[in-house]
Amino acid sequence: MQIFSCPFCGPRPEPEFHFGGELGNHRPAPDCSPEAWAQYLHFRTNPRGAAEEIWLHIPCGELFKMHRDTVTMTALPGRALGDQP
Amino acid sequence: MTARRLPEGGEVDRSRPLSFTFDGRPVQGFHGDTLASALLASGERVLGRSFKYRRPRGIWGAGTEEPNVYADATDGPRFHPNLRVTLEPARDGLDLRSANSSPSARADRLGFLDLFARFLPSAFYYKTFFWPNWHVYEPAIRRMAGLGRIKPSSAPLPDGDQRNHHCDTVVVGAGPVGIAAALGLSRSGESVVLVDDGSRIGGSLLFRSARIDGMPGANWLAAAEADLRQLGVTVLTRTTAFGIYDHGLIALNQRRDDGPDRLWRVRPRRIVLAAGAVERPLPFAANDLPGVMSAEAALGYLRRQAVLPGLRIVVATNNSSTDEVAAAMTAAGAEVTVVDARQGRRVARALGRRMVTGVVLEDGTRIPCDCVLVSGGFTATVHLHAQAKGRLRWDDARLSFVPEAPVAGLVTVGAAAGHFALAEALAALPETLGLPDVPVADSAPYDITPLWPRPGQPGRVWIDLQHDVTAKDVELAARENMVSVEHLKRYTTLGMATDQGKTSNLAGMALMGALTGRSIPEVGTTTYRPPFAPVPYTSLAGPRGGSRMNPVRRLACEARHREIGASLGDYGGWLRPAHYGSDDSAILAEAKLARAAVGLFDASPLGKIEVIGPDAAAFLDFIHYNTVSTLKPGQCRYGFILAESGVVYDDGVLVRLDDHRFVVSCSSAHVAGVHGLLEEWRQDRFPAARIAIHDATAETATLTVSGPKARATLAAAGIDADLSDTAFPHMTTRWHGSGEAALRLTRVSFTGDRSYEVSVRQDLAPPLWDRLAAAARAEGGGPIGIEALMILRAEKGFIVIGKDTDGMTRPMDLGVSGPMKAKKVDFLGRRSLFTDEAQRADRNQLVGLLPADGFGPLPVGAHGIDLSGTTPRSIGYITSSHPGAALDHPVALGLIERGAERHGQEITLHHLGQRRRATLCPPCFLDPKGERLHA
Ligand SMILES: [Zn+2]
């Protein structure tokens, strides 16, 4: 069981979290091409190694950003959505 | 039979006898026995049957590695399958049954299987039972295969117990090296947990002679136990560290006398693996006969439980560890012959049918005996290191894989690191653990010569006792090119089940290497995965389960529903009245009552999510398919929420309470999903501080009054609001009363009849229910369950998302295309509605269907079929089907290709081999003009 760190609540066990998708999959403009829309809807990079992701901490309801390594399973502390970058 | 208990010695307490039964026969033992030692002392040799050939088997080992003997135990009302007899203390009154035999290990009904062994090679099952279908053979094979039984009639095992724990260091294995590590780390200020799967700590010190710090091993151990207590080290015996998981979690299973197993989830800063090593068998023909035992295990039984395994003993070995074994057996009165491969002497085969009666050496010498103690060297127990993704290195001097280097957070010491001599193991501690001061031991160096199975060795040489894999099976795998170690494992099942390669792997790899011209490290090892040893499901599950795993949500008025005989069922996680009374003919009667007079329905699970704040209207314009911001306070609007794919995700009525406050009502099973979706977009796309979202579902009860007498029922219940159509028109909401007891009245309809939803703080709902129920009865109506509501809504053509829609349904497929064409602002899923796929003309669309063949209601799930091509083609399916309540015929809804333009056409349906005919029609069967809403 992994330990993730919610930027609001601190380190918590994995069952309290829900995966929210890859960071940076921005919603295209309403008049975008079908290809751009399909890219947004269906395509993911699914990286081996370093990954930037969105996670939801279920008890507090906050989404946040997290750097995770899909090979070593290390997870850096989460960052609030508003924080840069 | 010649194994027997010595009159004195050992740690058993002869003043405390006990007895239990094994396959119906009584077994005597003493306090301090394990089940295995008591069974051995009883002289019984055949204690199990092998997994595949049902060969008679006896005890091989003394710990987790035991591959042969398991037993199902009946302990009063409880039943424990697959008890590990080598690890369980003997207990008075247990009733044991050998786990892999019927009716008993001694007389196994399937023992004849062994006579057919040459017809049962590896992969026999895959090759033979392939035709026509594995499932034809599976039940009989399953009855024969496997370990243990399930006894559903026995009392359920108590819930497992679970602990979470943090400490500096977990030391796995409490032999002399583990104890020395725990003492040293504890003295340096660390909090330490020391675990061992035996019932006492001490490891090899409990049965091997040693000198540590100048004193006998037993004295050093007694002093160390006192020191551990004084230092406050947490010592867990009968506890197996079975797995290492992400982020340094180590899982321990503790077997307890006074309760169910306890699972420990420990997060230490460091794990010290001192798990020791497991003795390997030697390859000779019939090396599986009862009476052939691990020499190390036999020494343990002799010194700990005073059980002498035989009177004429052959010690067959390739290493120095058996020197002490042979001496001890001789001292205990046995006649011992040593066959040592280091001196060029090897056993060729064991003699005997049901137990060993002698051995024949490779030089032809015949030695009669009643017991063969075997040591093929030791395999370091590196499972946890490998689970933690640590790499292994082949040590050619010690003939074992050992950890190549420590992994982060885990360091391996002692025999688990390949230090099979105690002096060497302790001497390595200062460097590996950074300890200044460790005990010093005198011990002989470890000396071993290779003795692996050779290709073409005559007879049946067993490699894996637990899964009945012989050297010939490995040779067959090599011939069929299953030469990768992972293929070898899957093809022959070598190293599977609880053995996990503890006793069997190396011999298999060595033989595969010899057959393919590779060295053992070139063959490599299979992947190590948790658990190291079997763990009961009760332990893993802990107290979670049943209603604690998935608690049902309860209505505030549940007691009222029960009083009038409601049949309650789980609907979307809520316990709700399906209908009233036990007879489901009540469903149609309730629906007719609601059409004729009035029905009272508990709609409390309906989602009520409040969206509040200055940006709430703009936010909901984005969330909803329909335009929300044009609603005036007090108005309601039915609409959809789409997923970004354009598929309808949920529907419901949106209520605007005032400029900055809305209630999103959603399907009762969808509340968590819609709430999550709202939060996601609020946080990701909008100024989060200008919108607040609050799920008020649980705190608000909603009672719905529907039917021509709905208005009269409200008035009769004392709700003295102005209910005239001008003051309170359809699709509006208003407050009645003030303060905590205020009612919110909402005039919306899911039945097609005049309806009012009355919402109130949930704890105030039961008295409101009483007033409304009495009033409804006085008006000729009464309570209705959710099944009647389903009839009413289907007659009117109102859909249920997820039932009348699927993962392809866009709003225009439901006949709602206005917002797509006219809405000015962007919204969730909008772009998807303009894709080529969404705009196809041949999409499945919502239609009504009426039976055209006089055979009664159409079956849900029946497919419409197009018969114009060479093969029938599905053109959609029926989603809902109900008898009529106001109507005198059944009705159905469905998603049918081009359905909207085919009203009036007849189609053919196919269902479970039957053909039906149905006429397509608009998806609204009752009152298309909506006059009943105002009746
Ligand atoms: Zn949080």
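Criteria and cut-off values
- Every chain is numbered independently, its residues counted from 1 as its sequence is written.
- Here every chain gets a letter starting at A, and every ligand a number starting at 1, in the order they are written.
- For a predicted model such as this one, the threshold for reporting local features is a pLDDT of at least 70, and the threshold for listing and counting side-chain atom pairs is 80 or more; totals across whole chains, interfaces and linings nevertheless cover every residue.
- Heavy atoms from the whole structure form the basis of all side-chain values; hydrogens and water molecules are not counted.
- By definition here, a salt bridge exists when the distance from a side-chain nitrogen of Lys or Arg to a carboxyl oxygen of Asp or Glu is within 4 Å.
- We count a stretch as a helix when DSSP gives it H or I for four or more residues in a row; a strand needs E for two or more, and each element gets its number in order from the N terminus.
- Only protein chains enter the calculation, and the probe is 1.4 Å; a residue is then buried if its accessible area is under 20% of its type maximum, exposed if over 50%, and partly exposed in between.
- At least two DSSP bridges between two strands are needed for those strands to be called paired.
- What counts as an axis is a line fitted to C-alpha atoms, over the stretch in contact for a helix, and the angles between N-to-C directions run from 0 to 180 degrees.
- A 2.8 Å cut-off from the metal defines N, O and S donors, relaxed to 3.2 Å for Na, K and Ca; water is not in the atom list, so some sites may appear incomplete.
- Here the metal geometry follows the donor angles, with tetrahedral for four donors whose angles all fall between 85 and 135 degrees, square planar for four and octahedral for six when opposite donors are more than 155 degrees apart and every other angle is between 65 and 115, and irregular for all the rest.
- Here is the rule for angles: anything less than 35 degrees is roughly parallel, anything more than 145 is roughly antiparallel, 65 through 115 is roughly perpendicular, and the remaining ranges are oblique.
- Crossings are classed by handedness, with left-handed meaning an anticlockwise turn of the near helix from the far one by less than a right angle and right-handed meaning a clockwise turn.
- Pairs of residues are marked as contacts when any of their non-hydrogen atoms sit within 4.5 Å.

**Description of the pattern of salt bridges**
For side chains bearing opposite charge, pairing can occur when the charged atoms are close.
All names here are of chain B.
Piece 1. If you walk through the whole model with that rule in mind, you get 56 salt bridges over all chains.
Piece 2. A salt bridge links Glu44 to Arg25; the shortest N-O distance between them is 3.4 Å. One end of the pair, Glu44, is in the loop between helix H1 (35–41) and strand S4 (48–49); the other, Arg25, is in strand S3 (residues 25–31), and 19 residues separate them in sequence.
Piece 3. Using a relative accessible area of 16% as the deciding quantity, one classes Glu44 as buried.
Piece 4. Among the ionic pairs, Arg754 bridges to Asp725, the shortest N-O distance being 3.0 Å. Of this pair, Arg754 sits in the loop between strand S44 (743–746) and strand S45 (755–761) while Asp725 sits in the loop between helix H21 (710–716) and strand S43 (733–736), placing them 29 residues apart in sequence.
Piece 5. A residue is classified by how much of its surface remains accessible, and Arg754, at 1% relative accessible area, is buried.
Piece 6. Judged by its relative accessible area of 26%, Asp725 is partly exposed.

**Regarding the sheet that holds S3 of chain B**
All names here are of chain B.
Piece 1. Reading across the sheet, the 5 strands line up as S3-S2-S8-S6-S7 and stay open at both edges, with mixed pairing between neighbours. Each having just a single partner strand, S3 and strand S7 (78–84) make up the two edges of the open sheet. Across the sheet, the mean angle separating the axes of adjacent strands is 35° when strand polarity is ignored.
Piece 2. Across 2 bridges, strand S2 (residues 13–22) lies against strand S8 (residues 95–98) in parallel orientation. Across the sheet, residue Thr21 finds its bridge partner in S8, namely Asp95.

**Looking at the coordination of the zinc ion**
Residue and element names in this part refer to chain A.
Piece 1. Protein-derived coordination of the zinc ion comes from Cys6 (SG), Cys9 (SG), His57 (ND1) and Cys60 (SG), at a distance range of 2.0 to 2.3 Å.
Piece 2. Of note is the zinc ion, whose 4 donor atoms meet at the metal with angles of 105 to 114° in an arrangement that counts as tetrahedral.
Piece 3. Here the donor residues of the zinc ion are spaced in sequence according to C-x2-C-x47-H-x2-C.
Piece 4. On the accessibility criterion, Cys6 (2% relative accessible area) is buried.
Piece 5. Judged by relative accessible area, which is 30%, Cys9 ranks as partly exposed.

**Description of the packing of helix H11 (residues 471–479) of chain B against helix H12 (residues 485–492) of chain B**
Two numbers describe a pair of packed helices, the interaxial angle and the distance between the axes.
All names here are of chain B.
Piece 1. At a minimum axis distance of 10 Å, the contact between H11 and H12 shows a crossing angle of 120°. The orientation of H11 with respect to H12, classified from their angle, is oblique. Between H11 and H12 lies a crossing whose hand is right-handed. From H11, Asp473, Val474, Leu476 and Ala477 reach across to H12, where they touch Leu488, Tyr491 and Thr492.

**Things to note about the pairing of strand S16 (residues 262–273) of chain B**
Residues and elements named next belong to chain B.
Piece 1. Most of S16 is tucked away: 10 of the 12 residues are buried.
Piece 2. Examined bridge by bridge, strand S9 (residues 161–172) and S16 share 11 bridges and lie parallel to one another. Note on S16: the bridge partner recorded for Cys167 is Pro268.
Piece 3. With 5 bridges connecting them, strand S15 (residues 249–254) and S16 associate as antiparallel partners. Bridge pairing links Ala251 to Arg265 in S16.
Piece 4. Where S16 and strand S29 (residues 410–412) come together, 3 bridges link them in parallel fashion. Counterpart to Ile271 in the pairing with S29 is Leu410.

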